[in-house]
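# Geometric and topological summary
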Amino acid sequence: MDFIKAASFGAVLSAIIALVIGSQGTSAGPLAIHTVALAETRFYWSWPIFFSGSGLAWGIMLLQR
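Since the model is a prediction, treat every value here as computed from it, not as a measurement. (Residues numbered from 1 in each chain as written. Predicted model: local features only at pLDDT ≥ 70, side-chain atom pairs only at ≥ 80, totals over all residues. Heavy atoms only, no water.)

## Quick word on the overall build of the chain
Helix and strand counts for the chain come out as 2 helices and 2 strands. Put simply, the chain runs from its N terminus to its C terminus through helices and strands in the order α-β-β-α. Its C-alpha atoms give the chain principal-axis dimensions of about 40 × 25 × 15 Å. Across the 65 residues that make up the chain, the buried fraction comes to 25%. Taking the intrachain contacts of the chain between residues at least 6 apart in sequence as the baseline, contacts between residues at least 24 apart amount to 51%. Within the structure as shown, the chain displays about 4,600 Å² of accessible surface, and the carbon and sulfur contribution to it stands at 71%. (Helix = DSSP H or I, 4+ residues; strand = E, 2+ residues; numbered from the N terminus. Buried < 20%, exposed > 50% of the residue type's maximum accessible area, 1.4 Å probe, protein only. Contact = heavy atoms within 4.5 Å. Areas by Shrake-Rupley, 256 points an atom, 1.4 Å probe, with all protein chains shown as cover.)

## Description of helix 2 (residues 47-63)
With 17 residues, helix 2 extends 24 Å between its outermost C-alpha atoms, agreeing within 8% with the 24 Å of an ideal straight helix rising 1.5 Å per residue. For helix 2, the full list of buried residues reads Ile-49, Phe-50, Gly-53, Ser-54, Ala-57 and Met-61. Seen from one end, helix 2 has its buried residues packed into an arc of 120 degrees, which puts them on one side. Structural note: helix 2 exposes Phe-51, Leu-56 and Leu-63 on the side pointing more than 90 degrees away from its buried face. Buried residues along helix 2 sit against helix 1 (2-22) and strand 2 (41-45). With a side-chain oxygen positioned 3.5 Å from the backbone nitrogen of Ile-49, the residue opening helix 2 is Ser-46. (Expected span 1.5 Å × (residues − 1). Arc of directions from axis to C-beta. Polar contact = N/O pair within 3.5 Å; in protein donor to acceptor, adjacent residues only side chain to side chain.)

## Considering helix 1
Taking 1.5 Å per residue, 21 residues should reach 30 Å; helix 1 reaches 29 Å between its end C-alpha atoms and fits that length. Residues of helix 1 that are buried include every one of Asp-2, Ala-6, Ala-7, Gly-10, Ser-14, Ala-18 and Gly-22, and no others. Buried residues in helix 1, looked at end-on, bunch into an arc of 120 degrees, giving them a common side. Residues Ile-4, Ile-16, Leu-19 and Val-20 are exposed on helix 1 and point more than 90 degrees away from its buried face. At its buried positions, helix 1 is contacted by strand 2 and helix 2.

## With respect to the pairing of strand 1 (residues 34-38)
Relative to strand 2, strand 1 runs antiparallel, the two sharing 5 bridges. Note on strand 2: the bridge partner recorded for Ala-37 is Arg-42. From the end of strand 1 to the start of strand 2, which pair antiparallel, there are 2 residues, and Ala-39 there has a positive phi angle of about 55 degrees. (Pairing = 2+ DSSP bridges.)

Below you can see the structure in the form of structure tokens.
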């Protein structure tokens, strides 16, 4: 259950940061922000931010036990 909570936090974090940085027209180098088209909707996404945010949230949840 902690991993699902962490993955949702990682998704929200990735969407917010990628939206702010991607809307400026940059890929932010190692963050690898790119545009994703899904059902006629375009949004910005970054897998490195998603994995690092999910890992960080999961680690914090494990420490709180």
